[in-house]
Structures are given as C-alpha cells and as structure tokens.
Amino acid sequence: MTPREPARARFSRSARSPRPSRSFPALVGSTVTTAVRAATWIIAGFSIFVVLWILLASLKTTDEIFSNPLSLPHTWRWGNFADAWQESNFGVALVNTVGLVTATALGTVLFAAPAAYALARFKVRGTRAISLGFALGLGVPAQMVVLPLYAAMNQAGLVDSFLGLWLIYVGTSLPFAVFFLTSFFASLPRELEEAASLDGASPLRTFRSIMFPLARSGIVTLLILNVVAHWSETTFALVFLQSSINDTLPLALIQFMQRLQYTGADWGQLFAGIVIVLLPLLLIYIWLGRRIIEGLTLGAGK
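Our subject in this report is the structure included herewith. Everything numeric in this text was worked out from a predicted model, so none of it was measured.

A separate point is the overall build of the protein chain. Of regular secondary structure, the protein chain possesses 14 helices and zero strands. In sequence order, the protein chain lays out its α and β elements as α-α-α-α-α-α-α-α-α-α-α-α-α-α. Buried positions account for 33% of the 302 residues belonging to the protein chain. In the protein chain, 73% of the contacts between residues at least 6 apart in sequence involve partners at least 24 apart. As displayed, the protein chain has an accessible area near 18700 Å², and 67% of this comes from carbon and sulfur atoms.

Next up, the structure:
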C-alpha cells in the first residue's frame, strides 16, 4: 500500500484482516464447560426417566412390568395405591415422619442459628478452632458413629424413642447447619449492629430482632434441606427404632417389601409404596426447587 492510498481503502483492508485465534486456555475452558453442561443434562434426563418409569410401574400389574416395562399401562391400576396403603403401616409412619422431621428441622435452626451468628460476629479466642471443628464434622460418615451412639443411647434409655432419634438427627445436622449459616451472618452489614447498640439493644435482642430476620433466605433453605435429608433417612432409624408403632416411612416401606416376599410379590403395589414415600419430596422439589437453588447460590456467593 502506498502512502497516497486513501484512508478508506486502508480501513477496509484492515477490517477484512482475520481475527486472532482464541487462546488455548480459553478453548479448553469452553470445552470443559460444554462437557459439564452435557453431562448435567444427561444425568437430569436419566433421573426424570427413572421417576416417570416408577410412576408408570406403580399403575401396572406384575406381568405388565416385566413384559412391557417401557409401555403405558394397558389398564391404569389406581387401586395399587389403596392396596399398598392398607397392607402397610404408611398411615402411622406418615404421622411419625412428619412430626419427627418437623421437630428436627426446627431444632436444628434453633441451635445452629445462634452458634453461627456468634462464630461470624464475635471474634474471640477459640472461634476459629470451633469453626474448624464444625467443618470437620461434615466429613464424618454416619456409619462410623452408629455403634458408639447406640451404646450411649442404650445406657440413657433412649433406644426405640423419638426423643433419642431426634437428638441424633439434630446433632448430626449441626455441622452443616452452622457452616451454612455462618456465611449468611458474616455478610450482613455491621452498621446495623452498631446502630442497635447505640439504641441500647443487647446482643440477644439484636440477633432476635434484626440479624435473624435478615438471614431468613438462608434459614428457609436450611429448613428445606433438613426436611429433604431426614424424610427418607434409614441408617439411624433402622438401628434406633425397633417397634412397628414407631416406624417412619422408610422403615414401613422396608417392612412392606419384606412382607410381599412371603405373600407373593405384587410389583405394582411395591412401586406404589415407593411413590407414596417419594411423592412428598417430589412435590417439595417442584414447589421450592428454585428457592433451594437461590439460597445455596446466595450462601456460596457470600
């Protein structure tokens, strides 16, 4: 190009010049993101397929389940749910589960919220060690503490007792609950506490009237996660509840499956029982799934 070439020609040639290629790290990052999204959609699709298959199987006969497992029911057997409810202990188990799960969720928040607020706000000696202890508690498997807990609960007379199981549920839920709520309280502005202190409010009054309501998004998310975790909990319930009158829904389902082995396996009734146990959780995810994701994202961001 000569110096006398018009500026418009120089601009058009520079506009037609190829753009520099993307860097290798950016290309790798884009590929990984695409692969993760694809894997997520595959897992989600498979999970939805399994749920729908269980729902359809609960409306079939045993012969249909094995002969045409992927087809729609030839006759929609809604009576499988009534038969499963009548032949099992689901009525009593449902009442036990709702009461135990509700008490566990409320008790966990009652103990975890003040502890998380103190760890987030009061910087005293030992705070970091206590926070580390709660964080380490997240990695302790439930199977490791079953036998020591059983020995202690047996001596205290709390085996086959809802009180004993409630204590275990609340105690094993506290590490995650405190760890989860600490980030919410740590992100709240300190100016609010300073203003409350100038007005003569005590720390307890400040926590109860100001800080606790401001952390309601994290508290609601914690309540939902606690209910979901303990609704189908089996390990501790199977060990510490021994009377049929104290059965929870998972234990009632296990006994129903064992009974069907001796009376003739009606797989339609069996899948109907599974749906009865899982249906409340499905409704919770459909109704409050977005709230759970928003609460977890907010807590991670803080």
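Formed by 21 residues in total, the largest nonpolar core has its most connected members in Ala 112, Leu 181, Phe 185, Phe 207, Met 211 and Leu 222. When residues no more than four places from it in sequence are discounted, the contact partners of Phe 207 are Ala 113, Pro 114, Tyr 117, Phe 185, Phe 212 and Pro 213.

Below, the discussion takes up unusual backbone geometry. Positioned with a positive phi, Asp 160 is a non-glycine residue whose angle comes to about 60°. Relative to the elements of secondary structure, Asp 160 occurs in the loop between helix H7 (142-156) and helix H8 (162-187). Classification of Asp 160 as partly exposed rests on a relative accessible area of 22%.

Running from amino to carboxyl end, helix H6 (residues 127-137) crosses H8 at an angle of 125°, the nearest separation of the two axes being 8 Å. When the axis of H6 is compared with that of H8, the two are oblique. The handedness of the crossing between H6 and H8 comes out as left-handed. Across the interface between the two elements, Phe 134, Ala 135 and Gly 137 from H6 touch Leu 174, Pro 175, Val 178 and Phe 179 from H8.

Close contact between H8 and helix H11 (residues 216-231) brings their axes to 10 Å; oriented N to C, the two are set at 150°. The angle between H8 and H11 places the two elements in the roughly antiparallel class. When you trace H8 past H11, the crossing you get is right-handed. Residue-level inspection shows Tyr 169, Ser 173, Phe 176, Ala 177, Phe 180, Leu 181 and Phe 184 of H8 in contact with H11, the latter providing Ser 217, Gly 218, Ile 219, Thr 221, Leu 222, Leu 225, Asn 226 and His 230. Classifying every residue of the contact of H8 with H11 gives nine nonpolar, six polar and no charged.

On the surface, a cluster of nonpolar side chains totalling about 420 Å² of accessible area is made up of Phe 46, Phe 49, Val 50 and Leu 70. Tracing the sequence through the fold places Phe 46 in helix H2 (residues 24-57). Classification of Phe 46 by relative accessible area gives exposed; the value is 54%.

Following the sequence through the fold, Phe 90 ends up in helix H5 (residues 90-121). For the pair Phe 90 and Ala 252, spaced 162 residues apart in sequence, the C-alpha to C-alpha distance is 6.2 Å. The contacts of Phe 90, once residues within four sequence positions are left out, are Ala 84, Trp 85, Leu 249, Ala 252, Leu 253, Gly 273, Ile 276 and Val 277.

Rules behind the numbers
Residues numbered from 1 in each chain as written. Predicted model: local features only at pLDDT ≥ 70, side-chain atom pairs only at ≥ 80, totals over all residues. Heavy atoms only, no water. Helix = DSSP H or I, 4+ residues; strand = E, 2+ residues; numbered from the N terminus. Buried < 20%, exposed > 50% of the residue type's maximum accessible area, 1.4 Å probe, protein only. Contact = heavy atoms within 4.5 Å. Areas by Shrake-Rupley, 256 points an atom, 1.4 Å probe, with all protein chains shown as cover. Core = buried A, V, L, I, M, F, W, Y, C linked by side-chain atoms within 4.5 Å. Axes fitted to C-alpha atoms, helices over the stretch in contact; angles between N-to-C directions. Parallel < 35°, antiparallel > 145°, perpendicular 65-115°, else oblique. Left-handed = near helix turned anticlockwise from the far one by under 90°. Nonpolar A, V, L, I, M, F, W, Y, C, P; charged D, E, K, R; others polar. Patch = residues over 30% accessible without salt bridge, like charges linked within 9 Å, V, L, I, M, F, W, Y side chains within 5 Å. Salt bridge = Lys/Arg side-chain N within 4 Å of Asp/Glu carboxyl O.

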